[in-house]
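Here's the letter readout for the chains.
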Amino acid sequence: MALKDLPTKECYIPGSAACPGCPATIALRIVYKALGKNTVKVVPACCTAVIESLHPHTSFDIPTMNIAFEAAAAGASGVEAGLRMQGKTDTTVVAWAGDGGTYDIGIQALSGALERNTNFIYICYNNEIYSNTGIQRSGATPYGAWTTTTVLGKTEFRKEMGEIIMAHHIPYSAQTCIAYPEDLFKKLRKAKSINGPKYIEIMAPCPPGWRFPMEKTVEMGTMAVETGAWALYEVEKDKITFNGKSKLILEGKIDRKPIDDWIIYQGRFRHLFRPKKDTKRIKEIEEHIEKMWERYRSCYL
Amino acid sequence: MKKYNVVTSISYPKKGAMGKTGNWRVFKPILDKEKCVKCLRCWIFCPEATIIRNKDNTVDIDYEYCKGCGICANVCKVNAIELEREGARK
Ligand SMILES: Cc1ncc(C[n+]2csc(CCOP(=O)(O)OP(=O)(O)O)c2C)c(N)n1
Ligand code: SF4
Ligand code: SF4
Ligand code: SF4
């Protein structure tokens, strides 16, 4: 698949409230292209609830329901049931939430919906922070990163949501990234074609949250994958397949780039480089990623 | 557009729901059509959907809403898009 094969139809309308360089709208455009107009989206409190713009107008040309922060998957379950009772089983129901709404406050509703076998796609756009409320740490924030609630750098490592999802043994789940539109598109199309609960997580580097210049959003996504800080994979009926560069890293065909190549461009890691390089903490980040890949290799290769 | 008679607040799709976001710009992307190889990277990565994809896969920029993030210039592999400070060329 090449970029020219992606549909021209747009359901994201220019002139929204999103910051310039926003990864969420890059992802949304591609998600809409993959799922088409016959989709209903449920959005909890997160940046997207702002991006959609102010009443009585919206920048989304897809029916969207706003719901409380913790309730994305519960709301989507209700929408799915309602549509099913009306016989509208061809409509794709999507829950679209941030990492705060997924890893932390929404995990109970999400786990419940997966366990109940709800026929929907849960999408988490992971910008590794609570960005809407001004950059607080979440369970997805990486070790060492500055946020307004981790001013000296986060002291814990992030959770592996992908593997928590795997423990639910749902028909399809995947990790992708805004820098790989074909990968994102293919995974969404596959999720749409499968019945039952699906989970897709999209790495979404956020310029104001990570403190990098707004033209570098895509570059930061590419480097997240090339340094191995983020892996592209999909899980179908419990069988995991790594994709693209992540597959080559898993199989040892290419080396991961050093983590410095990624974090040095992000102001949230500035204290690890200035005034003096904090080699200890940078090494801890590197070792944690290496350990993750060793586990991936021993479990999934 | 179909309007719904529901007892809740409901918003309807509109271009420029937050106004003409083109005036947020500090830098303006300038496209050199001679250099463009129609790879469509700028089109797919533009967060604002303001790179217009034409039928022949050439592109244009919608300056009314382009927020000037510079991603299009950054992802173009042949440097067909350059950023220029707003108002530099009168
Ligand atoms: C129960 C509850 N607690 C707190 C808030 C305030 N709040 C709104 S959005 C948000 C952060 C959302 O973070 P995330 O889900 O990561 O999405 P992002 O803003 O990064 O897009 C918070 C804390 C809320 N709306 N409801
Ligand atoms: S804070 Fe980040 S995710 Fe939120 S609108 Fe701005 S760029 Fe997008
Ligand atoms: S500067 Fe940003 S918003 Fe404007 S066309 Fe380029 S990518 Fe789109
Ligand atoms: S990225 Fe550059 S070469 Fe590709 S379509 Fe855009 S302007 Fe043309």
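This is a predicted model, so every value here is computed, not measured.

Participant: How should I be thinking about the overall build of chain B in this particular structure?
Facilitator: A tally of regular secondary structure across chain B gives two helices and five strands. Going residue by residue from the N terminus, the α and β elements of chain B occur as β-β-α-β-β-α-β. Against the 2.2 N^0.38 benchmark of 12 Å for 90 residues, chain B shows a C-alpha radius of gyration of 16 Å, more extended than a compact globule. Seen along its three principal axes, the alpha-carbon backbone of chain B occupies a region of about 55 × 30 × 20 Å. When each of the 90 residues of chain B is scored for burial, the buried share is 41%. Residue pairs in contact within chain B that sit at least 24 positions apart in sequence constitute 62% of those at least 6 positions apart. Of the roughly 5,400 Å² of accessible surface on chain B, 51% is carried by carbon and sulfur atoms. If the 18 positive side-chain charges of chain B are averaged to one point and the 10 negative ones to another, these points end up 7 Å apart.

Participant: Honestly, a nonpolar patch on the surface in this entry has me stumped. Any pointers?
Facilitator: Together, L54 of chain A together with M18 and W24 of chain B line one region of the surface with nonpolar side chains, adding up to about 280 Å² of accessible area. Examined against the element boundaries, L54 of chain A turns out to sit in the loop between α2 (47-51) and β2 (57-58).

Participant: Help me understand the layout of surface pockets, please; the structure alone is not making it clear to me.
Facilitator: Space left empty within the atom packing is revealed by a probe, the size of a water molecule, rolled over the atoms. Approximately 1,200 Å³ is the volume attributed to the largest pocket. As for the largest pocket, its lining consists of 33 residues, and the residues nearest its centre are I62, P63 and T64 of chain A together with Y4 and I10 of chain B. Sorting the residues of the lining of the largest pocket by element identifies β1 (39-43), β2, β3 (64-66) and α3 (72-85) of chain A together with β1 (12-13) of chain B as the ones contributing at least two each. For the lining of the largest pocket, the per-class residue count stands at 14 nonpolar, 14 polar and five charged. Of the voids in this model, the second largest pocket is the one considered here, and its volume is about 250 Å³. T89, T91, T92, N119 and N195 of chain A are, among the 18 residues lining the second largest pocket, the residues nearest its centre.

Participant: Before we go on, may I ask you to explain the interface of chain A and chain B in this structure?
Facilitator: When the parts come together, some accessible area is lost, and that loss is often what is quoted as the size of the interface. Contacts between the two partners involve 39 residues from chain A, matched on the other side by 34 residues from chain B. Summed over both partners, the interface of chain A with chain B comes to about 2,900 Å²; 63% of that surface belongs to carbon and sulfur atoms. Between the two partners, chain A and chain B, sit zero salt bridges. At the boundary of chain A with chain B, the tally comes to 19 residue pairs in polar contact (both at pLDDT 80 or more). For the side of chain A that touches chain B, the elements supplying multiple residues, two or more each, are α1 (23-35), β2 and α9 (217-226) of chain A. Looking at the side of chain A that touches chain B element by element, the count peaks at five residues for α1 of chain A. Residues of the side of chain A that touches chain B, tallied by class, amount to 20 nonpolar, eleven polar and eight charged. Here β2 of chain A pairs with β1 of chain B via two bridges, running parallel. Of the residues in β1 of chain B, the one forming a bridge with H57 of chain A is Y12 of chain B.

Participant: Looking at this structure, how should I read unusual backbone geometry?
Facilitator: What you tend to see is this: most non-glycine residues have negative phi, and most peptide bonds are trans. Residues and elements named next belong to chain A. In the segment running from H55 into P56, the intervening peptide bond is cis, with an omega of 5°. Mapped onto the elements, P56 comes out in the loop between α2 and β2. In this structure, P275 follows R274 across a cis peptide bond, with omega equal to 0°. The residue P275 is located in the loop between α11 (260-263) and α12 (279-300) in this model. The residue N117 is not glycine, and still its phi comes out positive at about 65°.

Participant: What should I look at first to understand the environment of L54 of chain A in this one?
Facilitator: Classification of L54 of chain A by relative accessible area gives exposed; the value is 56%. On a C-alpha basis, the gap between L54 of chain A and I289 of chain A in space is 41 Å, while along the polypeptide they are 235 residues apart.

Participant: Teacher, can you tell me more about the pattern of salt bridges here?
Facilitator: Residue and element names in this part refer to chain A. Evaluation of the coordinates by the stated rule reveals 30 salt bridges over all chains. Across the pair E160 and R158 runs a salt bridge whose closest N-O atoms are separated by 3.8 Å. Of the two residues, E160 and R158, both sit in the buried class. We note a salt bridge from E284 to K280, for which the minimum N-O separation is 3.4 Å. On the criterion of helical spacing, the pair formed by E284 and K280 is a turn pair, its members being four residues apart in helix α12. With relative accessibility at 23%, the residue E284 sits in the partly exposed group.

About the thresholds
- Along each chain, numbering runs from 1 in the same order as the chain's sequence is written.
- Lettering of chains starts at A and numbering of ligands starts at 1, both following the order in which they are written.
- Whole-chain, interface and lining totals are the exception, using all residues; otherwise, since this is a predicted model, local features are given only for residues with pLDDT of at least 70 and side-chain atom pairs are given and counted only at 80 or more.
- Side-chain metrics rest on all non-hydrogen atoms present in the structure, leaving aside hydrogens and water.
- Note on conventions: DSSP H or I runs of at least 4 residues are helices, E runs of at least 2 residues are strands, and numbering of each starts at the N terminus.
- The atom set for the radius of gyration is the C-alpha atoms, and the globule formula is 2.2 Å times the number of residues raised to the power 0.38.
- Buried means the residue's accessible area, taken with a 1.4 Å probe over protein chains only, is under 20% of the maximum for its type, while exposed means over 50%, and partly exposed covers the values in between.
- Residues are treated as being in contact if the distance between any of their heavy atoms lies within 4.5 Å.
- Using a 1.4 Å probe, accessible areas were evaluated by the Shrake-Rupley method; residue-level cover was limited to the displayed protein chains.
- For the purpose of charge, His is not counted, nor are the chain termini; Lys and Arg are scored as positive and Asp and Glu as negative.
- For the purpose of locating charges, the reference atoms are NZ of Lys, CZ of Arg, CG of Asp and CD of Glu.
- Each patch groups residues whose relative accessible area exceeds 30% and which form no salt bridge, using 9 Å between like charges and 5 Å between nonpolar side chains of Val, Leu, Ile, Met, Phe, Trp and Tyr.
- One speaks of a salt bridge when a side-chain nitrogen belonging to Lys or Arg is within 4 Å of a carboxyl oxygen belonging to Asp or Glu.
- Method remark: on a 1 Å grid restricted to protein atoms, a set of points is classed as a cavity if a 1.4 Å probe fits but cannot get out and as a pocket if it is open with protein on both sides within 12 Å along at least five of seven lines; lining residues have an atom within 4 Å of a point.
- Grid points are joined across faces, edges and corners, and a volume is the space filled by probe spheres set on the points.
- Gly is put with the polar residues, along with every residue not named as nonpolar or charged; the nonpolar set is Ala, Val, Leu, Ile, Met, Phe, Trp, Tyr, Cys and Pro, and the charged set is Asp, Glu, Lys and Arg.
- In short, buried area is how much 1.4 Å probe accessible area vanishes from two parts on joining, totalled over both.
- Two N or O atoms form a polar contact when they lie within 3.5 Å of each other; inside protein one atom must be a possible hydrogen donor and the other a possible acceptor, and for residues adjacent in sequence the pair counts only when both atoms belong to side chains.
- We call two strands paired when DSSP finds no fewer than two bridges between them.

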